[in-house]
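So the chains spell out like this:
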Amino acid sequence: TIGIAGVYITKVVVELKNEGIIGENNLGYLEFIGNKKEKEDIVNAENKDRKTIYNAIAKKENVAVEAVGKRRAQQIAEKAGPGDWLKNEKGNWYQK
């Protein structure tokens, strides 16, 4: 279950995405798009949680953590909504 802190983090992440401040990079993590770094602590906390999950999956599947992150990035890109910012394999930002 997600606690109050998890709900708050999710809400802030969605707001930052909607404002075009952060997007989903090609490694499965949130990343700031420009120089505006609002709520950096929240973004870092979300990325830390993702890394913990990626590490657990990598260990279970006996693969590199980076491979798990890249696979997740592809899933995120497929499910992203119109207007979401994503980073392609070449490292360029685009809006879906």
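Residues numbered from 1 in each chain as written. Predicted model: local features only at pLDDT ≥ 70, side-chain atom pairs only at ≥ 80, totals over all residues. Heavy atoms only, no water.

(A) Region of interest: the overall build of the chain. A count of helical and extended segments in the chain gives 3 helices and 4 strands. Listed by position from the N terminus, the elements making up the chain come as α-β-β-α-α-β-β. Since a compact globule built from 96 residues should have a radius of gyration of about 12 Å, the 13 Å found for the chain is in line with a globular shape. The dimensions of the chain, computed from C-alpha atoms along their principal axes, are 35 × 35 × 25 Å. Contacts in the chain between residues at least 24 apart in sequence constitute 37% of all its contacts with a sequence separation of at least 6. As presented, the chain carries roughly 6,500 Å² of accessible surface, and 53% of it is formed by carbon and sulfur atoms. (Helix = DSSP H or I, 4+ residues; strand = E, 2+ residues; numbered from the N terminus. Rg over C-alpha atoms; globule rule 2.2 N^0.38 Å. Contact = heavy atoms within 4.5 Å. Areas by Shrake-Rupley, 256 points an atom, 1.4 Å probe, with all protein chains shown as cover.)

(B) A look at the environment of Ile-57. Here Ile-57 is to be found in helix 2 (residues 40-61). Sequence separation of Ile-57 and Gly-69 is 12 residues, and the distance between their C-alpha atoms is 9.7 Å. Those residues in contact with Ile-57, other than ones at most four positions away along the chain, are Val-68 and Arg-71.

(C) Structural view of the side chain of Asn-26. Position of Asn-26 relative to the elements: it lies in the loop between strand 1 (22-24) and strand 2 (30-32). Judged by relative accessible area, Asn-26 falls into the buried class, the value being 14%. A polar atom in the side chain of Asn-26 sits 2.7 Å from the backbone oxygen of Asn-88. (Buried < 20%, exposed > 50% of the residue type's maximum accessible area, 1.4 Å probe, protein only. Polar contact = N/O pair within 3.5 Å; in protein donor to acceptor, adjacent residues only side chain to side chain.)

(D) How the structure looks around the packing of aromatic side chains. Across all of its chains, the model carries 1 aromatic pair by this definition. Pairing Tyr-29 with Tyr-54 gives two aromatic rings, centres 5.3 Å apart and planes at 65 degrees, and the pair type is edge-to-face. Taken together, the positions of Tyr-29 in the loop between strand 1 and strand 2 and Tyr-54 in helix 2 put the pair 25 residues apart, joining distant regions of the chain. Judged by relative accessible area, Tyr-29 falls into the buried class, the value being 17%. (Phe/Tyr/Trp six-rings, centres within 6.5 Å; stacked < 30°, edge-to-face > 60°.)

(E) Region of the structure containing unusual backbone geometry. Its identity is not glycine, yet Lys-39 carries a phi of approximately 50 degrees, on the positive side. Backbone geometry places Asn-62, a non-glycine residue, at a positive phi of 55 degrees. As for its placement among the helices and strands, Asn-62 is situated in the loop between helix 2 and helix 3 (65-79).

(F) Summary view of helix 2. With 22 residues, helix 2 should cover 32 Å at 1.5 Å per step; its first-to-last C-alpha distance of 31 Å lies within 8% of that length. Along helix 2, the positions that sit buried rather than exposed are Ile-42, Val-43, Glu-46, Asn-47, Arg-50, Tyr-54 and Ala-58. Projected down its long axis, helix 2 carries its buried residues within an arc of 140 degrees, all on one side. Exposed residues pointing more than 90 degrees away from the buried face of helix 2 are listed as Asp-41, Lys-48, Thr-52, Lys-59 and Lys-60. In the stretch just after helix 2, Asn-62 is the one whose phi turns positive, near 55 degrees. (Expected span 1.5 Å × (residues − 1). Arc of directions from axis to C-beta.)

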